[in-house]
Structure formats: C-alpha cells, structure tokens
Protein chains: 4
Amino acid sequence: MASETIELRGHIIDSLILPKVLDQILTRGANFKISEIKIGQRRADQSFARIEVSAETREELDELILRLRQHGAEVIEKAEVQLARAPADGVFPNDFYVTTNQQTFIRLKGKEIEVQPVMIDSAVAVDQRKRTARAVKFFDVGQGDEIVVGHQGIRVVPVQRATSHTDAFQFINTSVAADQPKSAVIREIARELERVRSAGGKTVAVVGPAIVLTGAGEHLQRLIEQGFINRLFAGGAFAVYDIERALFGTSLGKSPDHLLAGGGHENHMWAINVLRASGGIAAAVDKKILTSGVMHACVGHGVDIVLTGSIRDEGPIPGVTTDIVEAQKIMRDKLADASLVLLMGTVLHSLAVANMLAPTIKTVCVDIDPSAVARIIHHQPFQSIGVVTDVEPFLRQLTDSLVDSDGGVPKRRQEKK
Amino acid sequence: MASETIELRGHIIDSLILPKVLDQILTRGANFKISEIKIGQRRADQSFARIEVSAETREELDELILRLRQHGAEVIEKAEVQLARAPADGVFPNDFYVTTNQQTFIRLKGKEIEVQPVMIDSAVAVDQRKRTARAVKFFDVGQGDEIVVGHQGIRVVPVQRATSHTDAFQFINTSVAADQPKSAVIREIARELERVRSAGGKTVAVVGPAIVLTGAGEHLQRLIEQGFINRLFAGGAFAVYDIERALFGTSLGKSPDHLLAGGGHENHMWAINVLRASGGIAAAVDKKILTSGVMHACVGHGVDIVLTGSIRDEGPIPGVTTDIVEAQKIMRDKLADASLVLLMGTVLHSLAVANMLAPTIKTVCVDIDPSAVARIIHHQPFQSIGVVTDVEPFLRQLTDSLVDSDGGVPKRRQEKK
Amino acid sequence: MASETIELRGHIIDSLILPKVLDQILTRGANFKISEIKIGQRRADQSFARIEVSAETREELDELILRLRQHGAEVIEKAEVQLARAPADGVFPNDFYVTTNQQTFIRLKGKEIEVQPVMIDSAVAVDQRKRTARAVKFFDVGQGDEIVVGHQGIRVVPVQRATSHTDAFQFINTSVAADQPKSAVIREIARELERVRSAGGKTVAVVGPAIVLTGAGEHLQRLIEQGFINRLFAGGAFAVYDIERALFGTSLGKSPDHLLAGGGHENHMWAINVLRASGGIAAAVDKKILTSGVMHACVGHGVDIVLTGSIRDEGPIPGVTTDIVEAQKIMRDKLADASLVLLMGTVLHSLAVANMLAPTIKTVCVDIDPSAVARIIHHQPFQSIGVVTDVEPFLRQLTDSLVDSDGGVPKRRQEKK
Amino acid sequence: MASETIELRGHIIDSLILPKVLDQILTRGANFKISEIKIGQRRADQSFARIEVSAETREELDELILRLRQHGAEVIEKAEVQLARAPADGVFPNDFYVTTNQQTFIRLKGKEIEVQPVMIDSAVAVDQRKRTARAVKFFDVGQGDEIVVGHQGIRVVPVQRATSHTDAFQFINTSVAADQPKSAVIREIARELERVRSAGGKTVAVVGPAIVLTGAGEHLQRLIEQGFINRLFAGGAFAVYDIERALFGTSLGKSPDHLLAGGGHENHMWAINVLRASGGIAAAVDKKILTSGVMHACVGHGVDIVLTGSIRDEGPIPGVTTDIVEAQKIMRDKLADASLVLLMGTVLHSLAVANMLAPTIKTVCVDIDPSAVARIIHHQPFQSIGVVTDVEPFLRQLTDSLVDSDGGVPKRRQEKK
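Bear in mind that the values here come from a model prediction, so they are computed numbers and not experimental data.

Here we look at the side chain of His151 of chain B
Residues and elements named next belong to chain B.
Moving on, step 1. With respect to the element layout, His151 can be found in the loop between β10 (146-149) and β11 (154-157).
Moving on, step 2. When its relative accessible area of 17% is taken as the criterion, His151 is described as buried.
Moving on, step 3. Only 3.5 Å separates the side chain of His151 from the backbone oxygen of Asp62, close enough to count as a polar contact.
Moving on, step 4. Apart from residues lying up to four places away in sequence, His151 is in contact with Asp62, Ile65, Leu66, Arg69 and Tyr97.

Printed below as a string of structure tokens:
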C-alpha cells in the first residue's frame, strides 16, 4: 500500500475540481482520507483541501497522482522538477512530461516558474540560466535541451468558473441540442462578439465548406464587413467554393438561388484555375477578377486568412499551406492572442484548433452533428458554447442580432430596398 | 427452366419502370428477352415493352413475377383474379395478396376493377355482386368475405413522372442535404402551399415536439392563421408542450426567449393538469384559459386536430386517442382527400403517415436526421421532397416566403410595430 | 433579497450533490454562503453541509430552492408538507408537487413518511389516517384525495455512489462511444447478468426490431434459454419480425443467411395473419405452428412478454396492448421488482422505460445512435452503462461471454458439431 | 430553340444510362425525341438509342449536352476535339475540359484516342505527335502544353453492369443499413478477398483510428498475415495508435482488455517519441522495439505503408508524408493497379481515395455513419458495397469467414490453445 498527500486550492467545488479528483480516486479503486478541508463560504472565496491518497501499488499510485495533478492537485512535499537532456534533435527524453491545456508551473531551485505558452501535448523545455520554461513541440527541441521528465515539481492550475458574474459560457454543460431553442444563446454570442470588437480583442472564425454550400457565406461576409472577424481559418476547399460562387454563381455546382444550377465539377475546377492564373486570392481581388464573397471581404477588410490543405483538395490554389506541420505552426501562432474562436461547420479543423487553444479562450462550436460538438467543446469547460444546428440559420440569426443592435436600420433589410 | 411474358406500359423509361424491372430480373439471377419494345418518341408519348422472363425454377419465377407486378408489369395471359374466403373475422385466407401503395386493378369475369382506396399492406376484398374491390385491413374483414389470393389477375400501375411540366417534387432524388442550400426548395414548397390553398385542397401538417421546443411554434401558428393548414396530426406531447408554452412560457422547462428558464417538469405536468381540469383544448380556449399558441390557433381557425398517444406520454390530456388501432383509422380517414402533407420533426408519426398515403399525394419531409428523411420519403418517388435541416429555421423561412408573397407588408414584421 | 438555509447530507461531493447544488445556485445568478461543512474523511464516511442561499426575489428563490430540493437539499426549518384536495377525478390541485425519480419523504405531523413507489412525474397522494404517501398518476386520483402541493416539507434523497466497491455502473460518465473498445465493458455486463440470475433477481429486456433484423435474435434466444431474461418488453412489430423469421426465414423480407431473400412485405403480413388465425403467440406455440425464435423461447422458458402497440404497427397480433395508457400501467407494474434492465435497439421504448425506473435499478442501454444513448441513460447516474454499437455484435459477444463462463464448452460451438 | 442529336450505346437500360439521360433532359426542362432505338433482346446484348435533344437557348443546350456526354452520350457529328495551350506552368487554358471518373476518348484527326489514366477532375493533355492523351493534374502541366477545351470530340463510356453474372457489388443500391443483417454480405466480401489474392491482384486497405481504438487491430493483423492486404493507407495517427497499443497496451489511453486503463495522452506522445528516436516504423521493427500490432505485421509481410499527415496530428512520426499534394501523388500511384479497395472507419481518407479510383475498381466501405457511407460509395455504381456498422465486429466476422475457408482449423481458435 502506497500513499501520498495532495492539496487542492481555488473554487474546487463549484469548478468541479474536488469532485473530479475524488471521482478519479474512486474510479481507479484507490482510497482517500481528507485530512483538512476549508470550503470558501461565499462565491468569491477560495477553498482548500488536503487529501491523503492511497493505492495498492506504487505504480498505481504514481499513475493516479499524475491524473490528479492534471486536475490541479499539488503533491505537498515541494519537490524539484526533474530534467533530462533531449537525446537528439526532434526527440524528447523517455518519460517526458506531457502538458495539458491548463496553466502549468514547475518548481526549479525552490522557485516556481510558469510554463509558456499554455499548449497541450507538448514537452517542457527548461533554460536553467534564464529561468524559463517553454512548452515545446517535437520540431522545436534540439539535442541536449533540458526537458522535464516524470511528474514531480509540477503544478497545474485548472481554469475555474468566474466568481464575478455568470454568462452563457460558464455553464458546466453548454451544448444546445437540435431540439432546443437557440435564439437566446445566439443573442448571448452576439453580445460576446460585440464585447470583443469593442475591447479590441481578436475573433478567429474557423469555417467549413457547409457555410458556403448552404448559402451562409453572405452572413459571414457581413460579419467581416462590420469588423467582427479578425482571422479566418479554413481548408483550401472553403476558399474555392466561395470563389466559385463569386465567379460562377455556384458552389460545387449548387446554388442557393436556383433549384437547378448547372456546372457539376467544372465550375469548381475552373475557379481553381482562375486563381492559379491570377496568382492568388489577393491578386485576383486587385485585378478585379474577384469582386464578391467571403474571401473578397477578407481581403478588403484586412482579415488574416489561413488556408490549409487536405488530401481531398484539388489544386491547390496559391496561398494554401500544403504541409500540415507548417500549417499547425501558423495556426498556433495566430491563435496565441485570440479572445474568441468560432468553430463552424468543420469537424476536422475544429478539433485541430480546439487542441491549440489556451483554456481561457472563449469558444463557440456550431455543427449539425451532436457528437462532433460534444467532442470539440470537451476541452474548454466554463469557456465554451456548443450549438447543434444548421450553420446557415445560425449565422443568419447571429448576424441579424448584431446588426439590429448596431444602431439604426438593420443592414440586410436596408439593402433590399 | 420456367418462363413467363410480361408487359410494361407508360413512361416506362423516364419513370424508371423498365430499368427497375430489369434490375430485379438481373439481381435475382434470372434472364430476360425483350420480344417487343416501342419507346415513345416525345416527352408525352407512352412507351411499351413485352419481355420474356425466365428463371431456374417455377418458385423463383413466381417470386420474381410478383415483384415485377409490383413495379407495374402485367402478365399477358389475361388470367382471372383468384379468391378465397376469410376463415374468421379479422383473419385473411393464407396466401392473401398484400397491396402496394400504387393504383391496383383486378380482373374479374374478364373485366378490370380498380381497388379502392389505394392503401399499402392491405388485403383486397371483392364483392362479386356489386363488382367492387376494397383494400381492407385486418379489423375490416369478416368471416366468409372473398379475398384476393396469389398474384394472378392483378395489375399495378405505378405513379409516373409528370409529362407536362417539371417541378421540385419530380426529381428522382429529392433529398436536400444538410450542407446544401435550401432557400430555392423552400420557395418551391411555399408555392405549393399557395397552390393547394387556392385550389381548395387540404394540407395536413404532421408535427413533432421539436417544433415547439425550438421556438418554431410561432411560425406554424402563422401558417394556420393564414389558412395554409387544414389538419394537424401530432402526438399528445406536442399539444402539451405547446400549451405549456402558452400557459407558462416554457416547453419542458426551456424557453426560446430566456437562456435560463425555470420549471423542469412541473410546468409540463401542470399544463396537463390544467387541460384535464378544463375538459380539453377546445374547452380551455372557450374558457379563455388558453389564449395563444399552435393549438389555440387550430381551434380558432377550424383546423382539424388529431392527437395520438405514445407510451412515453404523461397524462393523457382529453382528446388524445390512446388506442393506436383507433388512431390509425382516424388518421387514414383524414388523409384520404389530402393534397399535400408536411412531415416535420417527428420520425415515428412521419413513418406511420407515409405508410398511409396514396402515391399521388405530395409530401414534404423535414428532419435533422438524414437517414430518417431518406426512409420517410422512400415510398413517394416523384411526389416528395426531403429537407435535412433544423425545423425552426425551415418554418421561419417558409413562413417568410409565404407572407412576403401574400401581398403587402409581411405579417411578422408588422406585428412587431 | 430573499434567503433560505439548506442542508446536504451523504456522499455529497463524490456523488456530485454539492457541486450540482452550487452549479444551480451560480447558474441562476443567486448567491450562497456555506455556514458549516463537514467532509467525510474516508470513502465510506458521510459528509454534511449547511448553506445559506440568497436570490434577488422571493420567486427566484422559491424556484431555486425547488431545484435544490430535487438534488437532495433539505430546507432546515422542519415545515409540514402542504396538502390540497383533488378537485375532480383524474385532476390534481393546482401547484401539485411533481415527483422526481429519487427516493422522497414528506413531513406530516412532525414525522417523515416515505413516498412509495419511487415514480417520476407523479403527484403524491397522502392518507392522513393511514399515514401513507403514494406516488400517483392522473388516472389514479379521485376527487377529494389529498395531494401534496408546493414544496415545503419534502425531502429528496438522491442515489449516491456506492462506497463499498467500484464497478462499471458507477462511473459518472458511462457511455462507451462507437470508437472505443467494448470487450471489457461487455464482460462486466455479463458478470452482472450472472449475479442477478444467481441472486434470483429479475432482468427485463426491452428490445427493438433491429435485434431481429440484424440476425441477433439467436443470441437473445440463448440468453432466454439460459434463464438470464425474466421479462421481455417490445413493440408488436418486434414479435412479428421474429415470428416472420421463424415461419418464413425472413424479417421484413431480409435474411441474415441470404444476400437476396424474397418476400417484401408479404411475409410480414402473412405472419400477422397466421398469429391472428391461431389465436396468439402461446397458442401458435401450443399448436406447433411456431417452433423457433425469440418469442417461442419466451413461451418455453416462462418469460413474461409485454407487447405494446405503435401507430406504425400492422395487425395487431393477439396479445398486443393497443391502448398506451393501459400499456404503461402494465410496464410500470412489471418493472417494480426488476434488478437489471437491458434497453436494446429501441429509442421509443427505452425512453419510456427509463422514465419508469426506480433510481437504484441497474440499466444497460445499447444503440447505434450516440445521442439516443445519452438521453436514455441520463436519469440513472451511478446505475447505468451506455454502449454505442451495433446491437448484433453486442449480443453475440455478451452471449459468448456468458456461455464461456457457464461451465464447460460454450454452447454455440457445441451446437455446430 | 436549339437542338442536337446524341447517341447511346451499350447496356443503356439496365445500367441506367438511358434513364439518367432522360432524367437530365426532363429535370432541366429540355425536350427530347427518340428518333431511333434498338433494345438488346437478351442480357448480354447491346442496345442503341439516337435522341434529338432540344432546349430554349444554345447555352442551356450546351450545358445539358455536357452533362449527357458525362453519362455516355455521344454527339453524332464526329467533331474534332478542341485544343488550347496552357498559358503558364500549373495553369490550364480557360474552359478546359474537366474529366469524370469514366473511361474517356477524344477524337483527333479522325481517330479516337483513349485518355489515360482514368482520373477524375483532371484536364486532358494531348501530344499530337505521339498521338497520346493524358489526364493531368495542375502540378503536371507546363506552359504551352496542348489541353482539351470545350466538350466537342469527347466520348465517355460509363461502367456498365456485368452481363455474365451477378454479384453483391452489382446492385444499384448496395448500402447495408445498420438494422439489416450483414452476415451474407460479409461472406461475399470474404470471397472477393480470396479471389483477388488467388488472382495475384492488389488489395488496398484504407483505415482509420477506430480500427485500433475498438480493438479491431488484431483482425486486420490477421488479414495482413494471411496475405490478403497488399497496401495500407492511413493517417499518421492510425500508426501511432497502433504502436502505442503495441508498446503500452493502450490506444489514446483506452484498452480493449481493461475497463480502466491508464495513460491519457502520455502513452500516445511517448509512442511518437519512441518512433522518432528509433528512426521510424521499419527501424523500430528491426531493433525489436516494435514487436506486435498492425504496423509490425505490415513490415513483416511486405505490405506497402502510405501514411499521410493531418492538421490534427501530433508528431509527426518518421515516414508520414506531411505535404498533402505529395501524399496525393503517392496515393494515386499506389491505387493505379488496385483490384479491391477496403475503406474502413475513416471518412476523410475514404472520400479522398474514392475520388482517385478508376471506375472498375471494386470498393467496400465500412463506417458507422450512414450518410458518410452513402457519399463514399456514390461514385462507384455497380462496383461498390457500403456497410453501415461498427468496424470491430465487421472485421472480426470478415476474418472469421476467411480463416474458416482457408482450409483446416480457423487460426484464431487454434491460437487459443
């Protein structure tokens, strides 16, 4: 029988930290004794618990303690972090510590150092001279770098529920199902978009082809024109569908305006060819070849476009990053200072982006597949809203909520005159 | 080796009759020889084919011929229909002929008699004296009634594609996927609703709880107020959700207006209690207890309400038919003269109703589950449109398309003033 | 500002009671102060918390307190329960208390009385003379009966996580996704079936048509033959599919043995006719008309069969309860002493049954639709396992796990010789 | 009013060519007159039709004729193909002809030349001197190359249904739904695997993570060991999951053997690290670091491994092609001589591969999502089977069907001794 003592601090009950810790202990057949507990009396007060955890074997205990640390448990004897040198470029030492998506500290020579940036599934490289700790990916490690191994001397601080107020992002379970009303939550999201724009924050839209295919491109375009979107992440196909629609009136041969539109795959392939001939999206806008659509709006309103390739893509069009390791670096970089991320109509890109987010970035996920929504928002408790719906009406209603509040006559109705 | 000669008549190529017949023959490993074929030269012209079908055994051939008859093949020797007497009330003779959902004729004493009504999965009762043939369900047969057995002397005439024009209902594959644009098809459906209302036809709405839960009740209500809906089929739960919303502002404790509405199940149960206390929906409207919502609109605008029970129901509320055999009879009766059926947000009721429809009734099916839509519209080729989407935005856009065309200012916006 | 003091007792942290209570308070924008808290030190120890809850208005507080009571909170001033008389047969007084699926007590003349049975969405009828409290449905109340109203004097005791051991049913989140391994959890379920059989408990199988259609009927049959199933709930269609297969080798014209089986709907309708002619399932077994299949096994091994009608049914066959209120009574009655319930391949029946279960009944739900599984097991935390998979391989593997452990050579392989 | 005459040849009715042509004409509101038709009398006989097609405008007619050509229609005046020069490297001339996935011929100087290879969504580059026509992708075209434009002088020959026999691949609608029996179709697939192996053909398995995650890796491994698989396409993640399981007993921290396995993401990251340290999969096998699992079996049995990157990937591990344009080239190359392709548990890769297949390659698609299966097999009529099911039991049953027929005692049971 092995045992160890852990401590928990913060809003450990209403942010579910203590329950999750006890759940892990019970689920794994271990035992606990709470040797001290102090529960904050009021909403804003912090709580504290000291728990003695015991398991059958040292291995089981170690495994368990590692999980508990990831939920924010600190092991009380203030051990030093353990380091080992990377054996080769691009290779970590065995038993390297794998980061979570939570704020993390290491204890080095008796002092705590924060690991930066917060990046899941990384190793931690330590510079003992500069006293810094960096989360690093494989490509980022060089032979001889000092890397954290084991799990001593590491403290994780999970995101906790806000104590000052309650908003739609702060529910434990924030997925709005297909058969639930969505108007109220869409209005909340509109308010958040406005807050971020006012505060000069960055909103990143991660978008899938369904947006263009269903005719929702015009709504997204309005969001861009009104300055609500700062960065746009998409697969190359999204850009081609959008430009096909701008050039030929169809996307994959379908049109929201005509029941029967022509052009199976020709329009799609021709759109790619036009972009290759003109030198890319910005060039096509410059040359007045591309005069409408989402990509055109991005170029005109200074939205940062990140396009990544997929093995299903034709082309590619100029500007698409076809190497996925390169694409990941660009995306991670452009997400570092984001305030709000909208994941809409793309499971692949949404899962990829969700894995790159710091835990404090507010996230909205919209998809028609309930399982996909659940998987995507899973990592951002207290910071995410999932909406199971068709993306076209979602964006329509979101845009209407925004323009209505934007002062004066809503834009879409104005345009109709 | 057994063989038989069949004949096909009508638009046998573009309505897929000849291809389906050949597909059946090939799929079952049989052989064919086309002894005569005359293809209509122009769109409106009829075609004709005489095909000799052969199979290894007589049993295989009989089985195959039965299938081919259901696709419209006639066996050319003009055999008499075979009859046998029902052995007991509610029991058919062995080997009774099971009807399809297509127009059917039997040959009795050298003359053809049409089976009426067109009703799938029934037997055919023949009155030799009156020279009539009725499609009958089990409950409708009495001991000694003469029932068609085997499959001789039976001719099926499948619905064929219209030759005079093309509309959205006439495509072979009419399901609009989640990631396809829906505006154009919704406008087509709006036009059909208007045509049916102008022509004095009957439109039946078959509706599920998602309509009320997502806040789409107000759109349906407008359809009713403008006279587009003549009959409403629903489960008892739909009515309770709608009335709960009218009385307490919630449905199952959720509200489209407030992110956090109170009332888990109490409001639901209390709404049932109010209806039981007041004596039913119409009585509650009379007594001014119920003053808004879909059911209120139905009572006020003379819409025929058919409510059926489910084993998931609480209550029941007065007016719900809890016996399902009884409920089927009522539904079948109310569908007999329908022109257009809207199946929205309910798989159970939609499948039940789809099975009761004559093949010429136009059908629209709306659901968020693509597999459900495919199954529901499967029986109505050339007469049905499936739309895979959230039902709330569908009904919103449908209603907007209608009111916009209704002359003058759209109603919803007017009301906002 | 209104406030009230509540108390929580039991395994309030690891059974998630305290976190859920705080979540409700925060989510609804209310405030709390924990005036006393005592956390059990060891796994088996009980905990206790006294919390002062405050909200803006009395109405908000009342609404909130009602929710908190449903999570097990007690309001500390020991108020008497409030009663009012039913105004008519089948009608409760306004503001009647709606039960949860948790153990409930009322305080009458200073003493607590347990409400029996535990039945969700019911009212509580009190007999002051006999000092009993019954959960009653609408049909069960007579004019003048005394019914609990408001929410004073009511105490709910939620099911808590077992302290003595950990098993597969006790996880907080027990749904096994489609892309997760299932062997281990299926073995656990096999063990539970064996435990229940050994202990003389009752296992209820609630089954949908997919079981017969996919060819899993033979596995279910083996479960029945080995005495693992005591009651079988199904729709009428399940029985017909099974009997169609026994009589004609097909179910809905499909066969697991032949790629191309004959018989569209004829076999289905003919099977119904055979049952109507023979007088029902048991009679057909007696007369040696029905000699194999699931229903045959049920008759031979004394399994209690409960068949309910659906508006999609043909027939009905004798023995189907076509009135759904009547069917609910029968099901509720047959579930009262169940130990284990298997919900397999039927969303409608599973949701209906899940709503009838006492919170301590162990539940397994198997379906290919992840959203359906999540909804069905939602009410039975710490007592349910959801498995997202095809029902045929699930039952195959479950049965193999059982027979292997049944002593000696597995049955299926034996039979092959 | 414009008109043109087309001709159809082959099994134009049972392979649905004539019906599809008429459907296109009617759907687009055009008219037709069949000036000559000759229907093959027997199964093996060819048919012929000459049809005069007319539309309102020349543009509509051209658009329509383009579609009809893609369904195999020939425009009868034997026009020469039109050519234009590529304006730059990687750019086609405007209006370039976009290929289908069907056999295609062009008419050059009065003679027909076959376009090779059959490759969808490509242009056709013509070498007038060598008299060759190549399907080319963007990367493959150089400035000045002669490219087919417009749609004159092009003849498409759609795949037609086999006339010599009928097998499971030849049905028009070959998707087996979740609630249908699968044993018979799995046996057919087993037979096809055996046929291909005997004939020395190449079988390509395209596999997703679900195979490893659900514990189906051991079945796939057996297929490989018995020589049924020649090439394996997967994302990098598949390989990592498989190797994680081989090294640590888990995949993404889950194990099919233990209900509760340890190791959230650490094992996954550590597996990547091991592979990077050892220099790749083959090196890890050589060094005896990797001694079991699917990838190990591939190395041991000479299976060609193609791993492609995804923006969701960690790592990458050595051997993964991270540039998607490069990956497409490799995949296309390795598919050129395939006889049978198994697409299992991966929508992204399956859609990508389905788009690269010649129309004569037999295809099996297995996934739990019915919509995904429908989309994937859509391009391979008469050559594909879709199975909606959990991939683990599918592979288990497939492997059992094979080993049983492999002579002697089934392997799996043998191993158990």
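Focus: the sheet that holds strand β1 (residues 2-10) of chain B
Two modes of strand pairing occur in sheets, parallel and antiparallel, and in both the strands are linked by backbone hydrogen bonds.
Residue and element names in this part refer to chain B.
Moving on, step 1. Spatially, four strands are ordered β2-β3-β1-β4 in an open sheet, and the strand pairing comes out antiparallel. Lying at the two open borders of the sheet, with one neighbouring strand each, are β2 (31-38) and β4 (74-75).
Moving on, step 2. Sheet topology note: the β1/strand β3 (residues 47-55) ladder contains nine bridges and is antiparallel. Each bridged residue has a counterpart across the sheet, and for Gly10 the counterpart in β3 is Ser47.
Moving on, step 3. In the packing of helix α1 (residues 17-27) onto the sheet, contacts are made with β1, β2 and β3, and the angle to β2 comes to roughly 160 degrees.
Moving on, step 4. Helix α2 (residues 58-70) rests against β1, β3 and β4 of the sheet, and its axis sits at about 5 degrees to β1.

Focus on unusual backbone geometry
Moving on, step 1. For the bond from Gln116 of chain B to Pro117 of chain B, the omega torsion is -10 degrees, close enough to zero to count as cis.
Moving on, step 2. As for its position among the elements, Pro117 of chain B is in the loop between β7 (111-116) and β8 (123-127).
Moving on, step 3. The backbone of Lys288 of chain A shows a phi angle near 60 degrees, a positive value even though the residue is not glycine.
Moving on, step 4. Its location among the elements puts Lys288 of chain A in the loop between α8 (281-286) and α9 (294-300).

A few points about the pattern of salt bridges
Pairing is possible between side chains of opposite charge, provided their charged atoms come close.
Moving on, step 1. Summed over the entire model, instances satisfying the criterion amount to 82 salt bridges over all chains.
Moving on, step 2. Residues Arg9 of chain A and Glu74 of chain A are paired through a salt bridge, measuring 3.0 Å at the closest nitrogen-oxygen approach. Here the residue Arg9 of chain A occupies a position in strand β1 (residues 2-10), and Glu74 of chain A occupies one in strand β4 (residues 74-75), the gap between them amounting to 65 residues.
Moving on, step 3. Under the relative-accessibility criterion, Glu74 of chain A is labelled buried at 8%.
Moving on, step 4. The partner of Glu266 of chain D in a salt bridge is Arg67 of chain A, and the shortest N-O contact between them spans 3.1 Å. With Glu266 of chain D in helix α7 (residues 266-278) and Arg67 of chain A in helix α2 (residues 58-70), this residue pair bridges two chains.

Details of the sheet that holds strand β8 (residues 123-127) of chain D
Residue and element names in this part refer to chain D.
Moving on, step 1. Spatially, seven strands are ordered β5-β10-β8-β9-β7-β6-β11 in an open sheet, and the strand pairing comes out mixed. Two strands bound the open sheet, and with one partner strand each, they are β5 (82-85) and β11 (154-157). Ignoring strand direction, the axes of neighbouring strands in this sheet form an average angle of 35 degrees.
Moving on, step 2. Alignment of strand β7 (residues 111-116) against strand β9 (residues 132-136), held across two bridges, turns out to be parallel. Paired with Val115 across the two strands is Ala133, which belongs to β9.

Section: the interface of chain D and chain A
Moving on, step 1. Across the boundary between the two partners, chain D contributes 54 residues, which contact 54 residues of chain A.
Moving on, step 2. Taken together, the links from chain D to chain A amount to four salt bridges.
Moving on, step 3. Glu314 of chain D serves as the salt-bridge partner of Lys137 of chain A, at 2.7 Å between the closest nitrogen and oxygen.
Moving on, step 4. Those elements that place two or more of their residues in the side of chain D that touches chain A are α2 (58-70), α7, α10 (324-335) and α11 (347-354) of chain D.
Moving on, step 5. In terms of residue count, the dominant contributor to the side of chain D that touches chain A is α7 of chain D (seven residues).
Moving on, step 6. Of the residues that constitute the side of chain D that touches chain A, the class distribution is 24 nonpolar, 17 polar and 13 charged.

Reading the values: the criteria
- Residues numbered from 1 in each chain as written.
- Chains lettered and ligands numbered in written order.
- Predicted model: local features only at pLDDT ≥ 70, side-chain atom pairs only at ≥ 80, totals over all residues.
- Heavy atoms only, no water.
- Helix = DSSP H or I, 4+ residues; strand = E, 2+ residues; numbered from the N terminus.
- Buried < 20%, exposed > 50% of the residue type's maximum accessible area, 1.4 Å probe, protein only.
- Polar contact = N/O pair within 3.5 Å; in protein donor to acceptor, adjacent residues only side chain to side chain.
- Contact = heavy atoms within 4.5 Å.
- Pairing = 2+ DSSP bridges.
- Axes fitted to C-alpha atoms, helices over the stretch in contact; angles between N-to-C directions.
- Salt bridge = Lys/Arg side-chain N within 4 Å of Asp/Glu carboxyl O.
- Nonpolar A, V, L, I, M, F, W, Y, C, P; charged D, E, K, R; others polar.

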